[in-house]
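Understanding the architecture of this molecule
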Amino acid sequence: MIIVIRVEDNRTVNNVLEQDMTPQFPLKKQQVENETPILDFSSIIWYGAEIELLASHLKDRLAKLLKSYPEPDASTIRMMIARRQELHEDEIIVTNGPTAAFHLIARAFANSNVLIHTPTMKALDNACKIYGCKVNYVDDSSKIDEWPLEGVDICFITTPNPPDGRIISHADLIRTFKQYPKTMFVVNQSYASFSTTNKLRSQNINIYPNVVMIWSFSQPYGIPGLRIGYITAPRKYAQELWKVYTPSVVTSDALEAAKYILIHPAQFTLPIRKWLRNAQELIARLRQFDFIEVIPSDTTFFLIRLADGKAKALRTYLREEHNIAVGDSSTYLGMDDDYLSITARSEEDNEKLISAIQAWTDTCSEL
């Protein structure tokens, strides 16, 4: 086997390898062993997923999975989803999660005129630009009726939308789909389970021929380490996606996990109403701090705003002093660093966050 490494500057090959394989912030062995689990309010995933039975299942099958190539087109998962969603298997494309879906769609429809609402994930913007799309932006606080959709080839919509939790109503979506039949609407439904608001169904692609949807296993089932999701698309769009699809792109263990979830749905029931109550209670508690502005949200995740650089200071304090992680909203396109993103957790965990913020407040007042 011959390995060719192309180096774009004057660095030696050894330097390239050392830099690529060395952690940016290496930890001493003692630090790793003594590190306590992070209380994570930053990741928009279902924090309470009980995955022990899934983990045990994967462990039992690991040796076989490691020795087997994954299905080139994930045919088993596609068949299972098709039966449940009343779709044809060719209308389902399995991917390495939403980010991979963005890239696949942008590659299949390269050089398109694209509209993206902000804030949004930078990965979506990057995917569109890599494949030569002309990207225009609209603030998601404006009504969808006011979006500049005339002449747009593809409109990407995420609802509920991270990190602000904004939701576009079902009625508004349907009306817009009908009003602009020549525009392909790519609706990212990865966070649809994090709200009780009416959401689109996969079968809607049979009713609205200009709608493509992105779905995720990672977020609602609490398995972000296994990157897997899928696209549902009308046949005319699906055919273009299959032309640029990379075979065997999803690993065998991720496919096995998705198969297990589809066979055992009762093990992965998400108690959304209780989680939403926890989120609203946390929002109410946070509003008691006079220096925090909470941006309203009907989902389990939301934004808070702190002026004068306090957001970064609070985020650093929580991580270093209390091992609590909150989201850095500046990692999203269209957001600045005055905001923090928070995904609610259990009542006990939420109380720890409130206590830590109070401790920071007390510390600041003493300075």
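Predicted, not measured: the structure shown is a model, and the values here were computed from it.

Procedures and definitions
- Residues numbered from 1 in each chain as written.
- Predicted model: local features only at pLDDT ≥ 70, side-chain atom pairs only at ≥ 80, totals over all residues.
- Heavy atoms only, no water.
- Pairing = 2+ DSSP bridges.
- Helix = DSSP H or I, 4+ residues; strand = E, 2+ residues; numbered from the N terminus.
- Axes fitted to C-alpha atoms, helices over the stretch in contact; angles between N-to-C directions.
- Phe/Tyr/Trp six-rings, centres within 6.5 Å; stacked < 30°, edge-to-face > 60°.
- Buried < 20%, exposed > 50% of the residue type's maximum accessible area, 1.4 Å probe, protein only.
- Core = buried A, V, L, I, M, F, W, Y, C linked by side-chain atoms within 4.5 Å.
- Contact = heavy atoms within 4.5 Å.
- pLDDT = per-residue confidence, 0-100.
- Polar contact = N/O pair within 3.5 Å; in protein donor to acceptor, adjacent residues only side chain to side chain.
- Expected span 1.5 Å × (residues − 1).

**Quick notes on the sheet that holds strand β7 (residues 184-188)**
Here 7 strands make up an open sheet; going across it, the order is β2-β9-β8-β7-β6-β3-β5 and the pairing mixed. Looking along the sheet, the strands with just one partner apiece sit at the ends: β2 (92-95) and β5 (134-139). Between one strand axis and the next, the sheet turns by 20 degrees as a mean value, whatever way the strands run. Summarising the sheet, strand β3 (residues 113-118) and β5 pair through 6 bridges and their orientation is parallel. If you follow Val 114 over to β5, its bridge partner there is Val 135.

**Some details on the packing of aromatic side chains**
For any pair of aromatic rings, the description rests on two quantities: the centre-to-centre distance and the angle between the ring planes. Using the criterion set out here, one finds 19 aromatic pairs in the structure. Ring plane angle 80 degrees and centroid distance 6.0 Å describe the contact between Phe 109 and Tyr 237, whose orientation is recorded as edge-to-face. Within this pair, whereas Phe 109 is found in the loop between α5 (97-108) and β3, its partner Tyr 237 is found in helix α8 (residues 235-243), the two being separated by 128 residues in sequence. Relative accessible area serves as the criterion here: at 10%, Tyr 237 is assigned to the buried category. Here a set of aromatic residues connected by ring pairs shows up, and it is made of Trp 46, Tyr 47, Tyr 191, Phe 194, Trp 275 and Phe 301.

**Quick notes on the nonpolar core**
The biggest cluster of nonpolar side chains holds 70 residues, and the ones touching the most others in it are Ile 105, Phe 156, Ile 231 and Leu 286. With 7 residues, helix α10 (residues 272-286) is the largest single contributor of residues to this core. If near-sequence neighbours (up to four positions away) are discounted, Leu 286 is found in contact with Ile 292, Val 294, Phe 302, Ile 304, Ile 342, Ile 354 and Ile 357. Core analysis: the next-biggest nonpolar cluster, separate from the first, contains 46 residues, Val 211, Trp 215, Leu 262 and Phe 268 among them.

**Things to note about the confidence of the model for the chain**
Counting all residues, the mean pLDDT for the chain is 89, and 90% of those residues have values of 70 or more. Segment residues 1-34: pLDDT under 50, and 8 contacts once partners within four positions in sequence are set aside and those in other chains are kept.

**Description of the side chain of Ser 190**
With respect to the helices, strands and loops of the structure, Ser 190 is situated in the loop between β7 and β8 (211-216). The class of Ser 190 is buried, set by a relative accessible area of 1%. At 2.6 Å, the side chain of Ser 190 and the side chain of Asn 188 are in polar contact. The residues contacting Ser 190, other than those within four sequence positions of it, are Pro 98, Ile 214, Trp 215, Ser 216, Gln 219 and Pro 220.

**Description of the environment of Pro 234**
Within the secondary structure, Pro 234 sits in the loop between β9 (229-232) and α8. Overall, the relative accessible area of 8% leaves Pro 234 in the buried class. With 144 residues separating them in the primary sequence, Pro 234 and Asp 90 have C-alpha atoms 9.0 Å apart. Setting aside residues up to four positions removed in sequence, Pro 234 forms contacts with Ile 205, Tyr 208, Pro 209, Val 211 and Val 212.

**Overview of helix α4 (residues 75-85)**
Every α-helical turn comprises 3.6 residues, leaving residues that sit three or four positions apart pointing alike. Every buried residue of α4 is accounted for by Ile 77, Arg 78, Met 80, Ile 81 and Ala 82. Looking at the packing, one finds that the buried side of α4 touches β2, β9, α8 and α9 (252-263). One or two steps after α4, the chain reaches Glu 86, where phi turns positive at roughly 60 degrees.

**Some points on α9**
Along its 12 residues, α9 runs 16 Å from first to last C-alpha, staying within 8% of the 16 Å computed at 1.5 Å per residue. α9 sits mainly inside the fold: 9 of its 12 residues count as buried. All buried positions along α9 are accounted for by Ser 252, Ala 254, Leu 255, Glu 256, Ala 257, Ala 258, Tyr 260, Ile 261 and Leu 262.

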